[in-house]
Structure formats: C-alpha cells, structure tokens
Amino acid sequence: MAVLNTDLLLAILQLPHCLKWPLVAITFGNLLATSYITHNLLFHPLRTVPGPKLWAATQIPYTLGWLSGRLPFAIHQLHEQYGDVVRVAPNRLSFTHPDAYHSVRGHRKSGQGEHGKEPAFYGISIKNILGASRADHARYRRILSHGFSAKSMQDQQPLIMRYVELLMRRLREKTRGEGGEPREAVVDLAAWFNFATFDVIGDLAFGEPFGCLEESRYHPWVGAILHGVEQFGMMVAVQWYFPGLLGFIKRLAPGRYIGVQIDVQAEYARKRITERLALDTDRADFVQAMTTAKSEDGTILTMEEVTSNARMLVLAGSETTATALSGAAFFLATHPEVQKRLAEEVRSSFTTEEEIDLLSVNQANLRYMLAVLDESMRLFPPVPNALPRACQPGGDVICGYQVPEGTGLDILPWAMSYSTRNFTKPNEFLPDRWLEEDGLGQQFDQRRHGAFQPFSVGARNCIGKNLAYVEMRVILARLIWNYDLVLNDRMSERFLDCKCFNLWIKKPLNVRLIPVRK
Ligand code: HEM
C-alpha cells in the first residue's frame, strides 16, 4: 500500500516541473485510492458481510463482470463459495435466499418505504411503468392493468391467434416438399419465436404488427432493439462511474450513443401511436387501455407517457416470452424422454390443431407443459440479471444484515436457480420437480422453491405474466402437436452459452422439425 511519506513528497517537489506535477498527481491519486480501499475493507458498514475482498474493495470486478456479459455466472460462483448473502461491490449486496425476494421487492404497507429501482439502471425508463417513481408507478400500473384483465385477454384472443396461426403457416411452408408432402426442415426457432412475439406485442402496443412473420425477417425497429442490448450494458456502466458523461458522448459521437437510437425509436413509436389513435376504433389493445382508463385521481396518461409505456411493453413483452420458448425448445430437443411425455399430453388433450387456442390451453390443464416451461425458465431465465434496487431511506434489515440506505440490492434469477442450497440437482433439467401435486415432486426438496420467481414479486412484478403463460402454452402446444424436435448442429448445442446484459444475446437455435404423422 502506498503511504504518504514526507521525505518523498519533498523530493518530488524539488524535481523539474515536467516531472513534478505528474508525480504529485500520481502520489495523491495513490493516496486517495488507498484510503478508499482501506475504508471499504475496514470501516464500511458492510465490512462484515461475506464475500471476496477484491470485489468489496472497488466496483471494478463487478463492472468487468457486467461488461463481459457474464455477471450472473460469476455471481453464482460467489454465492456457492460465500453463501446466500454476498458483498459483490463496496456498496452492493447480492442475495440467493428466497426470503430476499419478499424483503427487497415484496409489497410494502402504505407509509412504509420502498427499495426503489436503481437510477443508473432504470433512468431511461423514468416515464414508463418500469422505471417510474413509486407514485407514478401506481398510476401507470392502475391504468395499464385494464389491458391485462381477464376480459381484455378474452377480447385479445383473435388478435393473438392470428399471429400464432401465421407462425404455424410459415413453419408448414418450410416443412412441405414441392408436391406438398410433409418433410423435415431446419429452422432457427429462436428467430421465429421472436418474430411471433414481436408481431403480437407490436399489434397490442402500437395497433399494428411489425410484419416480421409476414416478411420472415426482423423489422428494422425490432433489429435495433435487439442490437441495442449490449450497448445498453455499456450505458449502465458509464452511468455507474460518470453519471454526467452520457450527455458529452451524445454530443461528441452521436452515432455511437445509444441514447440517439432511443430518441429515434421514441419518434417511431410516437408516429405509430398517433396513427393508431386516428383509427377511432375500439379494438381491445393496450393503446385503448392507456388512452381511455383513468387512474384513481382521475388523470389519464399524457402522449409522452403513452408512447414511453408502449415502447416498454414491446420490449418487456416480446423478447422475454421468445426466450422462454427458445429455452423450452432447446431443453425438449435435448431431452427426448421429456419431449415424448409432453407430446403425449398435448396430442391426447386435443382432437384437432384448430382446437388449440388461448382458452383451451388454459382449460386443458396441461400440467406437464407448465412444469416444462417453469423448468426451462429456471435454467434459462428470460431476465437473468439483477434488476437492481437501492435500499430505502433509513436503511433496512435484510436476510439478517443491517443494510445502509442506498446500498445496491441485487437478486439474480440465474444465481437463485443454480444455487445448490435452493434446488436438488440444480443443473439438471427435471420438470418433475414442479409436479408436487402429482407426487412426482416429492423426490425433491421443495422448501426453497420460492427462489424461482421469473416474473419477480410485489407491486412491481410482471404485469404480463398471464399473457406470457398463455402465449407460451399455445405456441408450444401447436408446435408439439405438429412436430418432433431434434437439435441440428454443434452451434445450437451451445445455445445456452451466451452473454447477457438486461436480456440475453441469444445465439441461433437450429432445430430439425420432423412433421408428425397423424
Ligand atoms: C416469459 C415472459 C416474461 C418474463 C420472464 C417477464 C419478467 C418480468 C420481470 C422479472 C419483471 C420485473 C422487472 C423489474 O423488476 O424491473 C417484469 C416486469 C414487467 N413486465 Fe414482464 N415478463 C414476461 C413477459 C411479459 C409480457 C408478455 C408483458 C406484456 C406485454 C410484460 C410486461 C411487463 C411490464 C409492463 C412490467 C413492469 C411492471 C411494473 O413495473 O409494474 N412482461 N417482467
């Protein structure tokens, strides 16, 4: 460690100017760094929380993990070594105990503080439900909930089924020979699931699909969102260290600044919403809910809020659902015995493909399918990273530790899922663990299954959970009704080995679709 030595300082001050000032700067920099690290390791209120000293000393290891897109894997290793609560940066804790979900994100009584969303991470979403302040969030949530009611979902059925049918039509075109006979074909299911879910959500949030299924390719707006995932990661890191720097980058290198693309995306969204509103229709989409419903105090959303929420819905409701479906298809294609059981369930629950719709998949009680989807989301969580919160004013006691105000509170679904303390055989794909009522789950220790919360918990949990489940069930049921799935190539075998920021940067998932003889 560097020490401020008076003789050394005097010697430096006698050097020529060109050497003196750089050396003075280095000496003081060294001194500051040393005191910062000493404070973090020896005097910081979180000094007694377990964790590696290197991560507790500075924010650097955590940032490098985040920037490499491999943070969840690193944090998982730390939890395996240090336990359920780990200090992963000077001012940040990560949790894998299921209780943390409720302590950090659970419902709060009125008058009780909230562990709010961390501004560096959610700053760009300040005008929508995802990043809004507590008061605005309650207003947005109340208004948006109209678009997610059971009645709305019933009304949305024809709209959603149009894209499910279009997806199946496209896959049938690929698996048909020149004479119209069924034949095997290889398709990138990850891309096709994205096409379908973006089209559904585009129609619900903007009143018009993106045309991905029609044209069998990404709409440029959708492509920009997907390419922006990594840049978003960089932006968060800059915010952590230099909150004011993004404005400079925007002026100096606008082409490299994601905020410029965000502005372009906002403009596109505004145009689409304006066109949708001009239609004067009562179609049961989210625009309808956002522009007609009122919050408790009688206010409605401004145009800026409608646009920002619509954009957020597109992102939150598409990539996530497509990732869950891709994970399920990957695990089914690599676990033939599970696929066989699922195929038996699906093919014995319906008599024709047309019968499979949003209502019937709910009524058919496809228990094994639900277990497959949940187990897939456990091992490949669509939102794998922290979604960080900041500890409430005045601090709080969380999982037995006194946590100061402003401390970053991380819960990573990836680390929760792969924890040997939470799940029996955590690395294995075993849908039976979720079939408790059928007796099959009894071979597993169920006590910490509350660690599986892919949709989060509390007042800010996923508002689209029911929509996501019904969409996933209907698409998977139709796929399994028509095809057996076999993984096609080496690259697809490594499908799960990808980088993640707030979302995954997914690889292609090339699956051989083998038409089922009926
Ligand atoms: C498998 C699919 C999905 C998963 C795993 C998922 C997961 C999540 C998670 C973890 C959150 C909490 C985010 C946070 O704490 O910052 C969230 C919030 C949200 N999700 Fe989803 N989601 C899915 C599908 C959907 C769909 C289909 C929609 C709607 C179209 C949707 C809309 C939202 C919205 C609006 C929020 C913010 C809710 C609030 O803050 O009150 N999600 N989702």
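Quick caveat: nothing in here was measured; it's all calculated off a predicted structure.

### Some thoughts on the site of the ligand
Line of reasoning, step 1. Looking at the ligand, there are 29 residues lining it, with Lys117, Tyr122, His137, Arg141 and Cys462 nearest.
Line of reasoning, step 2. Between the ligand and Ala316 there is a distance of 3.4 Å, counted from a nitrogen atom to a backbone nitrogen or oxygen.
Line of reasoning, step 3. Only α8 (134-144), α16 (303-334) and α21 (465-482) provide two or more residues apiece to the shell around the ligand.
Line of reasoning, step 4. Partitioning the shell around the ligand into residue classes produces 19 nonpolar, seven polar and three charged.

### Topic: the confidence of the model for the protein chain
Line of reasoning, step 1. In this model, the protein chain carries an average pLDDT of 90, and 95% of its residues clear a pLDDT of 70 or more.
Line of reasoning, step 2. For this predicted complex, the interface score ipTM comes out at 0.99, while the overall pTM is 0.92.

### Section: a nonpolar patch on the surface
Line of reasoning, step 1. A surface patch of nonpolar side chains, amounting to about 600 Å² of accessible area, comprises Ile60, Leu64, Tyr241, Phe242, Leu245 and Phe248.
Line of reasoning, step 2. Counting residues per element, the ones that place at least two in the nonpolar patch are α4 (60-67) and α13 (245-252).
Line of reasoning, step 3. Along the polypeptide, Tyr241 turns up in helix α12 (residues 220-241).

### Comments concerning the packing of α12 against α16
Line of reasoning, step 1. Orientation of α12 relative to α16, taken along the N-to-C sense of each, is 75°, at an axis distance of 12 Å. Relative to α16, the element α12 lies roughly perpendicular. Each of Trp221, Ile225 and Leu226 in α12 lies in contact with α16, whose residues at this interface are Arg311, Val314, Leu315 and Glu319.
Line of reasoning, step 2. Residue classes in the contact of α12 with α16 are distributed as five nonpolar, no polar and two charged.

### What to know about the nonpolar core
Line of reasoning, step 1. Membership of the largest hydrophobic core comes to 121 residues, with the highest contact counts inside it found for Leu171, Leu189, Phe286, Val314, Leu476, Leu485 and Leu509.
Line of reasoning, step 2. Those residues in contact with Leu476 that sit more than four places away from it in its chain are Leu325, Ala328, Leu332, Leu342, Met369 and Leu373.
Line of reasoning, step 3. Counting residues in each nonpolar core, the second largest holds 19 residues, with Ile75, Tyr122, Trp240 and Leu412 among its members.

### So, the packing of aromatic side chains
Line of reasoning, step 1. In total, this model carries 24 aromatic pairs according to the counting rule given.
Line of reasoning, step 2. Seen in terms of ring centroids, Phe423 and Trp434 are 6.1 Å apart; in terms of plane orientation they differ by 65°. Their pairing is edge-to-face. Taken as a pair, Phe423 in the loop between α20 (413-417) and α21 and Trp434 in the loop between α20 and α21 lie far apart in primary sequence, eleven residues in all. The two residues Phe423 and Trp434 agree in class, both being buried.
Line of reasoning, step 3. Ring plane angle 45° and centroid distance 4.9 Å describe the contact between Trp434 and Phe452, whose orientation is recorded as tilted. One end of the pair, Trp434, is in the loop between α20 and α21; the other, Phe452, is in the loop between α20 and α21, with 18 residues separating them in the sequence.
Line of reasoning, step 4. Taking relative accessible area as the criterion, Phe452 reaches 11% and is therefore assigned buried.
Line of reasoning, step 5. Aromatic ring contacts, followed pair by pair, group Phe73, Phe330, Phe331, Phe380, Trp414, Tyr418, Phe429, Phe495 and Trp504 into a single cluster.
Line of reasoning, step 6. Its end group placed over the ring of Phe423, Arg378 keeps NZ or CZ at 4.9 Å from the ring centre.

Scoring rules and cut-offs
- Residues numbered from 1 in each chain as written.
- Predicted model: local features only at pLDDT ≥ 70, side-chain atom pairs only at ≥ 80, totals over all residues.
- Heavy atoms only, no water.
- Near = heavy atom within 4 Å.
- Polar contact = N/O pair within 3.5 Å; in protein donor to acceptor, adjacent residues only side chain to side chain.
- Helix = DSSP H or I, 4+ residues; strand = E, 2+ residues; numbered from the N terminus.
- Nonpolar A, V, L, I, M, F, W, Y, C, P; charged D, E, K, R; others polar.
- pLDDT = per-residue confidence, 0-100.
- Patch = residues over 30% accessible without salt bridge, like charges linked within 9 Å, V, L, I, M, F, W, Y side chains within 5 Å.
- Areas by Shrake-Rupley, 256 points an atom, 1.4 Å probe, with all protein chains shown as cover.
- Salt bridge = Lys/Arg side-chain N within 4 Å of Asp/Glu carboxyl O.
- Axes fitted to C-alpha atoms, helices over the stretch in contact; angles between N-to-C directions.
- Parallel < 35°, antiparallel > 145°, perpendicular 65-115°, else oblique.
- Contact = heavy atoms within 4.5 Å.
- Core = buried A, V, L, I, M, F, W, Y, C linked by side-chain atoms within 4.5 Å.
- Buried < 20%, exposed > 50% of the residue type's maximum accessible area, 1.4 Å probe, protein only.
- Phe/Tyr/Trp six-rings, centres within 6.5 Å; stacked < 30°, edge-to-face > 60°.
- Lys NZ or Arg CZ within 6 Å of the ring centre and 35° of its normal.

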